[in-house]
Amino acid sequence: MTDARAVATAVKDPVGRLGGAFMISREAKVFAQETGFAGWAPYFRGRCGVLGEVDADVVVSATGFFPADIVREVWEAAVSLPAAEAANRYAVICQDFGRRKLTGFSDAGRLADLLRLVVGNADVVGAPLFAGWRAMPLAADGPARVSQLAHVLRELRNGLHLVAVLATGLSPLEAVLTGASGLIPGGEANAEFFGWPRPYPETTAELRERRARAERLTDALVTPAFEILSADEANELITLLGKADATVFG
């Protein structure tokens, strides 16, 4: 039997990078230009379009780490683009990014198969964006599937991380200040990027320890998804994610 928690911990960084890089890619910039929306609006409408035509509070509840007033402003600014269409177009962005970056990666099909096992084995409770993205049609080709499934798996961790943060007594702002988020640097630069107004609370040793506990709890919450893998499959997943990560970012 494999150590599923060790696997979940080992893959979180490459999954975070592979699953999030498309959001700041040239494909995403084209999408933003085509929509005509400014700032965070294309990101929120695309990423959260899987939630449907909902009130902004629903988006706040799912994303967690952004100020509620910012989310409402940008969500409502983009209502002219139907949520389902935005999600479909965002999925294409993710897929096209994978095709551009991973076309020469010969193991893309196998990596996609392993990621799909994990994604399919995960529970949706506490991770609404994961549930929405898992329900989206999957690309037919390996490079696009890797990018899409890494994004879906990233949404699982993001959703469960919000649960863990709240469980350890951190506010969303405190969590942003005390830790990095995917491709975004941690600390005040991250908080400012997300739109949190100054002044910021001091990041004390106690807050940093809570943040570390939240990270460990997130590892534990994500672990059951990886229990479907055999030891050989787990090792293969770790190896292939490392190779894909190096292909995209090396």
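Here is a short report on the structure shown in this document. (Residues numbered from 1 in each chain as written. Predicted model: local features only at pLDDT ≥ 70, side-chain atom pairs only at ≥ 80, totals over all residues. Heavy atoms only, no water.)

**Considering unusual backbone geometry**
In this chain, Arg198 is followed by Pro199 through a cis amide linkage whose omega measures 0°. Note on placement: Pro199 falls in the loop between helix 11 (188-194) and helix 12 (205-226). (Helix = DSSP H or I, 4+ residues; strand = E, 2+ residues; numbered from the N terminus.)

**Description of the packing of aromatic side chains**
All told, the structure shown has 12 aromatic pairs when counted by the stated rule. With 5.3 Å between their ring centres and 65° between their planes, Phe22 and Tyr90 make a pair best called edge-to-face. Pair noted here: Phe22 is in the loop between helix 1 (4-20) and helix 2 (26-35) and Tyr90 is in helix 6 (residues 83-102), with a separation of 68 residues, a long-range link. Here Phe22 and Tyr90 have matching classes, each one buried. Here Trp40 and Phe193 contribute two aromatic rings whose centre-to-centre distance is 5.0 Å and whose plane-to-plane angle is 70°, an arrangement assigned as edge-to-face. Here the residue Trp40 occupies a position in the loop between helix 2 and helix 3 (41-48), and Phe193 occupies one in helix 11, the gap between them amounting to 153 residues. Arg45 extends its terminal NZ or CZ atom over the ring of Trp75, reaching a point 4.4 Å from the ring centre. (Phe/Tyr/Trp six-rings, centres within 6.5 Å; stacked < 30°, edge-to-face > 60°. Buried < 20%, exposed > 50% of the residue type's maximum accessible area, 1.4 Å probe, protein only. Lys NZ or Arg CZ within 6 Å of the ring centre and 35° of its normal.)

**Quick notes on the nonpolar core**
Counting 81 residues, the largest nonpolar core has Phe44, Leu111, Leu156, Phe226 and Leu237 as the members making the most contacts within it. Each residue touching Leu111, except ones within four places of it in the same chain, is listed here: Phe105, Val146, Leu237, Leu240, Leu241 and Ala244. (Core = buried A, V, L, I, M, F, W, Y, C linked by side-chain atoms within 4.5 Å. Contact = heavy atoms within 4.5 Å.)

**Considerations on helix 7 (residues 108-121)**
Because an α-helix completes one turn every 3.6 residues, residues spaced three or four positions apart along the sequence face the same direction. Compared with the 20 Å implied by 1.5 Å per residue over 14 residues, the 20 Å span of helix 7 between its first and last C-alpha is a close match. Taken together, the buried positions of helix 7 are occupied by Ala108, Leu111, Ala112, Leu114, Leu115, Val118 and Val119. For helix 7, the angular spread of buried residues about the axis comes to 165°, placing them on one side. Residues of helix 7 that are exposed and point more than 90 degrees away from the buried face comprise Arg116 and Gly120. In the core, the buried residues of helix 7 are packed alongside helix 8 (128-134), helix 9 (142-167), helix 12 and helix 13 (231-249). (Expected span 1.5 Å × (residues − 1). Arc of directions from axis to C-beta.)

**What to know about the packing of helix 3 against helix 6**
Viewed as axis vectors pointing N to C, helix 3 and helix 6 meet at an angle of 95°, and their least axial separation amounts to 6 Å. It follows that helix 3 is roughly perpendicular to helix 6 by the angle criterion. Between helix 3, through Pro42, Tyr43, Arg45, Gly46 and Arg47, and helix 6, the contact on the second element is made entirely by Ala83, Ala86, Ala87 and Tyr90. (Axes fitted to C-alpha atoms, helices over the stretch in contact; angles between N-to-C directions. Parallel < 35°, antiparallel > 145°, perpendicular 65-115°, else oblique.)

**Brief notes about the pattern of salt bridges**
Following the criterion strictly, the structure yields 21 salt bridges and no others. Its salt-bridge partner being Arg45, residue Glu53 comes within 2.8 Å of it at the nearest N-O pair. The class of Glu53 is exposed, set by a relative accessible area of 55%. (Salt bridge = Lys/Arg side-chain N within 4 Å of Asp/Glu carboxyl O.)

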